[in-house]
Structures are given as structure tokens and as C-alpha cells.
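Topology and contacts: notes
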Amino acid sequence: MKLLIISAGPGMDEIRNIYGHAIDWISSFLSDSLLDITINHIYKNETFNHFQYDAWIITGSASSVTDNHQWISTLKDKIKYAYNSSIPMLGICFGHQIISEALGGEVTKNTKGWEIGSFKVNFNKKGKDSLLFKDVDFNDYFYFSHEDVVLKLPQNAIELASNNMGLQSYSINNQIYGVQFHPEFSDKIAEKYVEVRYNKGIIPSFNQIYKSKTSYKVISNFIDIVKENY
């Protein structure tokens, strides 16, 4: 099975210099020897052949979906192709947002401000029944670092989870999934994001980080879903 991980940004220097990049964290949860992983740096305007991969994962980004960058426009077109070609996708944070926007949803800056730290999420019945969250503790904490939010979903998307800050997860045809939180983060990575954002004056307080014990399972669960139909 061929997996494409689409990197939507280089990551923050303060994080990358210590812990590496999101593509490394995502890959660390995928130990299947039969999984062939390719990395694409879409933010560098790297191209790829859509038809060569069985599934895509789109990472977070410091950019906003609403930014006027050529690579963002290109990625939206590629997402439309993947949707029309029934290619499974998992979008994380920015990835979650841009999939929604590309397919007819709406993304905007959250009027409630930044969501940075570890917080709980409310899963509805469809979320609790979704294979994306198999063996995930619904009372667990989840890691966040974002300002934008999905305000409106594409017409055929189904909400899976939310909290007081807004939408947190959706699915489309049990094939495309978005999660606003970061299943690839560790508690140390999440804490570093809080530290950096706090020191830059982006958030007013140093939010305490509570360790997430099961959120990482989303990554391997997505792969298992793809394999079922591979």
C-alpha cells in the first residue's frame, strides 16, 4: 500500500530543531513493513502524480487556508481530484481545514481565539461509532495548536466531534476524515508549542498540558480503514 504524506509547511524552527517535523511524528506511528511512504512538500510547490498513491495524509501548517499562496490553490485542486477519484484522505489541523474548504465548506479565524494546549472533545454517536476512533478513549485529552476553524462543512460531510471552540472532526463517505487536533503530537511537543506561542504573546497564559494516552491511534486507525478497502 502506497501512502502519501503531504507536508503543508516546514514547521516552527523552535519545534523542529528539537523534535523534528510532523512528517517524522506521523511516520513513527506507522510501523507496517508493507506500507510504502512517500513525502511531498506541497508548500515548496513540489508536484506529485495523483494516481500513484492509495491514501493521503495532509499535515498541519503555520499558513492559513485563506492565505493567497499558489501551493494552497494547487492543494485544493488536488483534494478535489482525490475526492472525485475515491482516494482516502486524513487531514490534520490545517489538513482538516483545507479538505473542508476545497470541497465546499468554509474556514475562518475563530472568533473565540487560539486553541493551544490539551483539551477534551465531545464525540457524538457517529463519532463514537467511527472506526477512525477505534480504541480511542473519548474522555482523553487531545492536543491543539490552531487559530482557524471549520465554520461550515461540505454538504455531504458528517460531524463526528466538537467542543466549546467549534468543530473538531468530520468524515465524508467513510473515506475522507478531518481532525482539528494533532494525533501526532507528544505531550512534550504540545508543551513546546504552548511555550513558543506564550513567549510570543499569542496566548495570554501558559496552558497546562495533560498527557493524551490514546489520540495517536487515529493515525493507524486511518491506515486500517484504508486497508479494509485496499
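Calculation rules
- Residues numbered from 1 in each chain as written.
- Predicted model: local features only at pLDDT ≥ 70, side-chain atom pairs only at ≥ 80, totals over all residues.
- Heavy atoms only, no water.
- Pairing = 2+ DSSP bridges.
- Helix = DSSP H or I, 4+ residues; strand = E, 2+ residues; numbered from the N terminus.
- Contact = heavy atoms within 4.5 Å.
- Axes fitted to C-alpha atoms, helices over the stretch in contact; angles between N-to-C directions.
- Salt bridge = Lys/Arg side-chain N within 4 Å of Asp/Glu carboxyl O.
- Buried < 20%, exposed > 50% of the residue type's maximum accessible area, 1.4 Å probe, protein only.
- Phe/Tyr/Trp six-rings, centres within 6.5 Å; stacked < 30°, edge-to-face > 60°.
- Lys NZ or Arg CZ within 6 Å of the ring centre and 35° of its normal.
- Core = buried A, V, L, I, M, F, W, Y, C linked by side-chain atoms within 4.5 Å.

Across the sheet, eight strands lie side by side as S2-S1-S3-S4-S12-S11-S10-S7; this open sheet has mixed pairing. Each edge of the sheet is formed by a strand with only one pairing partner; in this case those strands are strand S2 (36-41) and strand S7 (122-123). The sheet contacts of helix H3 (residues 70-84) involve strand S1 (2-7), strand S3 (55-58), strand S4 (89-92), strand S11 (166-172) and strand S12 (176-179), and relative to S3 the element is tilted by about 145°. Contacts from helix H7 (residues 217-228) reach S1, S3, S4 and S12 within the one sheet, and its direction differs from that of S3 by about 160°.

The next subject is the pattern of salt bridges. A complete count under the given rule lists six salt bridges for this structure. Across the pair Arg16 and Asp13 runs a salt bridge, and its minimum N-O distance is 2.5 Å. Remark: Asp13 and Arg16 occur in helix H1 (residues 13-19); sequence separation between them is three residues, near one turn of the helix. With a relative accessible area of 30%, Arg16 lands in the partly exposed category. Between Lys211 and Asp187 there is a salt bridge; the shortest N-O distance is 3.8 Å.

The geometry of an aromatic ring pair is captured by the separation of the ring centres together with the interplanar angle, meaning the angle of the planes. Under the definition given, this model contains 15 aromatic pairs. Measuring from centroid to centroid gives 6.0 Å for Phe119 and Phe144, while their planes differ by 45°, and the two rings are tilted. One end of the pair, Phe119, is in strand S6 (residues 115-119); the other, Phe144, is in strand S8 (residues 142-146), with 25 residues separating them in the sequence. Measuring from ring centre to ring centre gives 4.7 Å for Tyr141 and Tyr210, while their planes differ by 15°; the resulting arrangement is stacked. One end of the pair, Tyr141, is in the loop between helix H5 (125-129) and S8; the other, Tyr210, is in the loop between helix H6 (187-199) and H7, and 69 residues separate them in sequence. Three or more aromatic residues joined by ring pairs form one cluster here, namely Phe119, Phe123, Phe133, Phe138, Phe142, Phe144 and Phe181. Positioned above the aromatic ring of Phe48, the side-chain terminus of Lys78 is 4.3 Å from the ring centre. Residue placement shows Lys120 over the ring face of Tyr141; its charged tip is 5.0 Å from the ring centre.

In this section: unusual backbone geometry. Phi at Ser86 takes a positive value of approximately 60°, unusual for a residue other than glycine. Positive phi is not limited to glycine here, since Asp135 has a value of about 65°. In this fold, Asp135 is placed in the loop between H5 and S8. On the basis of relative accessible area, Asp135 is assigned to the exposed category, the value being 55%.

Glancing now at the environment of Val150. With respect to the secondary-structure elements, Val150 resides in strand S9 (residues 148-152). For the pair Val150 and Tyr53, spaced 97 residues apart in sequence, the C-alpha to C-alpha distance is 27 Å. Beyond its immediate stretch of four places on either side in the chain, Val150 contacts His96, Gln97, Ser100, Glu106, Val107 and Leu167.

Looking now at the nonpolar core. In a soluble, globular protein the nonpolar side chains are often hidden away together inside. Among the nonpolar cores identified, the biggest contains 30 residues, and Leu3, Leu90, Leu132, Phe133, Val179, Val218 and Phe222 are the most heavily contacted of them. Listing elements by their share of this core, those giving two or more residues are S1, helix H2 (22-28), S3, S4, S8, strand S10 (157-163), S12 and H7. No other element matches the six residues that H7 contributes to this core. Setting aside residues up to four positions removed in sequence, Phe133 forms contacts with Phe123, Gly127, Phe138, Leu160, Ser169, Val179, Phe181, Val218 and Asn221.

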